[in-house]
Amino acid sequence: MRSYDLFIVSLASLFSATTFLMALLGAWRWDLYFSVYLIEYLAAGLLFSSLSADARRVLDGVAYVLAPGFAVIVALKVAEILWGFGR
């Protein structure tokens, strides 16, 4: 099995276990799921940093797309705290 195949299988298993655990605990907020998935993706990416240059470039591109999503979540939470949005 190639290293990036192992990365995808590991990430899918990790996301599935996280989804099951969070659903079991009654979590329903999309921002919580997104944040946890992003942290797991970045941590798994660090563990599999020995991937080929092409695979590493694609994974970094995905991280560059996901990071602004996390910034939007933080901005929405700050706006909710400061101005009471989303209540």
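*Asks:* Can you help me understand the pattern of salt bridges in this one?
*Replies:* Counted by the stated rule, this structure contains four salt bridges. A salt bridge links Asp31 to Lys77, with the nearest nitrogen and oxygen atoms 3.1 Å apart. Remark: Lys77 occurs in helix H3 (residues 53-83) and Asp31 occurs in helix H2 (residues 30-47); sequence separation between them is 46 residues. Its salt-bridge partner being Arg56, residue Asp60 comes within 3.2 Å of it at the nearest N-O pair. Taken as a pair, Asp60 and Arg56 lie in helix H3 at a separation of four residues, close to a single helical turn. Exposure remark for Asp60: the relative accessible area of 28% places this residue in the partly exposed category. The class of Arg56 is partly exposed, set by a relative accessible area of 22%. It is possible to trace a salt-bridge network through shared partners that takes in Arg29, Asp31, Lys77 and Glu80.

*Asks:* Just checking my understanding: could you explain the nonpolar core for this structure?
*Replies:* Soluble, globular proteins show a tendency: their nonpolar side chains are buried together. Formed by Phe7, Leu11, Tyr41, Ala44, Phe48, Leu51, Ala55, Leu59 and Ala63, the largest nonpolar core amounts to nine residues. Only helix H1 (3-24), H2 and H3 provide two or more residues apiece to this core. By residue number, the principal contributor to this core is H3, which donates three residues. Not counting residues within four places of it along the chain, the set of residues in contact with Tyr41 comprises Phe7, Leu11, Phe15, Leu59, Val62, Ala63 and Leu66.

*Asks:* What am I meant to see in the environment of Arg56 here?
*Replies:* The spacing of Arg56 and Gly45 is eleven residues in sequence and 8.6 Å in space, taken between C-alpha atoms. Once residues within four sequence positions are removed from consideration, Arg56 is found in contact with Gly45, Phe48, Ser49 and Leu51.

*Asks:* How do you make sense of the packing of aromatic side chains when you look at a structure like this?
*Replies:* Here the distance between the centres and the angle between the planes together describe a pair of aromatic rings. Under the counting rule described, the total for this entry stands at four aromatic pairs. With 5.4 Å between their ring centres and 75° between their planes, Phe7 and Phe48 make a pair best called edge-to-face. Taken together, the residues Phe7 in helix H1 and Phe48 in the loop between H2 and H3 connect sequence positions 41 residues apart. Taken as a pair, Phe7 and Phe48 share a single burial class, namely buried.

Criteria and thresholds
- Residues numbered from 1 in each chain as written.
- Predicted model: local features only at pLDDT ≥ 70, side-chain atom pairs only at ≥ 80, totals over all residues.
- Heavy atoms only, no water.
- Salt bridge = Lys/Arg side-chain N within 4 Å of Asp/Glu carboxyl O.
- Helix = DSSP H or I, 4+ residues; strand = E, 2+ residues; numbered from the N terminus.
- Buried < 20%, exposed > 50% of the residue type's maximum accessible area, 1.4 Å probe, protein only.
- Core = buried A, V, L, I, M, F, W, Y, C linked by side-chain atoms within 4.5 Å.
- Contact = heavy atoms within 4.5 Å.
- Phe/Tyr/Trp six-rings, centres within 6.5 Å; stacked < 30°, edge-to-face > 60°.

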